[in-house]
Amino acid sequence: LPSWNVGKKEDFNYYLDEQLKRLQTDKIDFYLLHGLGHSTWKNLKDLDVFEFLDSAIEDDRIGYAGFSFHDELKLFKEIVDSYNWSFAQIQYNYMDQKFQAGKVGLEYIASKNMGTTIMEPLRGGCLTNNIPSDIQDIWNQAETKRSLAEWALRFLWDQQEVNVVLSGMSSMEHVVENVKIAEDGYTDSLTNEERNLIQEVRE
């Protein structure tokens, strides 16, 4: 749902029905209220977005309701506690552990048995492009050599609270690389030495 475009209650069904039409389907399995923050959240609540979600699930136009988030942790917890969500999508990577929802938010939704989806795992490419030589020197100390993308993705998959990682891929080479990395990315797959290395890079 393009939350920022919702101006009246009727817009909820307008956008969903238009999306179903364009996708040429009668159901969207996982439906997000996109980009929630203070202003969009207040507006959606005032327009009774919960009634819309309940009805869309009941009439089988959507399977599971979730939201993506860009704001402060306090608001994140308020939103999580406000509805019986199935999942949430947050920005999280080894640098952004205290940014927006962050690590605390990740653990919070996991404790509520909600699905967790991670966006910006490479921080828009910043964790793989133009890396300073002193940072590269730290990575070079690793016994097992990995690409910068693999280190960032494996950091996420190593954590049991993470269910899905959305990695931006702009070429077939990226697709092949990410699929290969994913084959070895699972909970507790990094050693303590490797986790300490990531923490050193972060600091």
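This is a predicted model, so every value here is computed, not measured.

A. Quick look at the packing of aromatic side chains. On inspection of all chains with the given rule, the structure shows 16 aromatic pairs. Ring geometry for Phe30 versus Phe87: centroids 5.6 Å apart, planes at 85 degrees, classification edge-to-face. Pair noted here: Phe30 is in strand β1 (residues 28-36) and Phe87 is in strand β3 (residues 87-91), with a separation of 57 residues, a long-range link. Aromatic side chains Trp41 and Phe50 sit 5.9 Å apart centroid to centroid with 65 degrees between the ring planes, which places their arrangement in the edge-to-face category. In this structure, Trp41 and Phe50 share a single accessibility class: buried. Sitting over the ring of Trp151, Arg146 keeps its end group 4.8 Å from the ring centre.

B. Up close: the packing of helix α7 (residues 148-157) against helix α8 (residues 172-184). Running from N to C, α7 and α8 cross one another at 40 degrees; their axes reach a closest spacing of 10 Å. Relative to α8, the element α7 is oriented oblique. The chirality of how α7 crosses α8 is right-handed. Counting all contacts with α7, which are made through Ala149, Glu150, Leu153, Arg154 and Trp157, the residues of α8 involved are Glu177, Asn178, Ile181, Ala182 and Asp184. For the contact of α7 with α8, the per-class residue count stands at five nonpolar, one polar and four charged.

Basis of the calculations
- Residues numbered from 1 in each chain as written.
- Predicted model: local features only at pLDDT ≥ 70, side-chain atom pairs only at ≥ 80, totals over all residues.
- Heavy atoms only, no water.
- Phe/Tyr/Trp six-rings, centres within 6.5 Å; stacked < 30°, edge-to-face > 60°.
- Helix = DSSP H or I, 4+ residues; strand = E, 2+ residues; numbered from the N terminus.
- Buried < 20%, exposed > 50% of the residue type's maximum accessible area, 1.4 Å probe, protein only.
- Lys NZ or Arg CZ within 6 Å of the ring centre and 35° of its normal.
- Axes fitted to C-alpha atoms, helices over the stretch in contact; angles between N-to-C directions.
- Parallel < 35°, antiparallel > 145°, perpendicular 65-115°, else oblique.
- Left-handed = near helix turned anticlockwise from the far one by under 90°.
- Contact = heavy atoms within 4.5 Å.
- Nonpolar A, V, L, I, M, F, W, Y, C, P; charged D, E, K, R; others polar.

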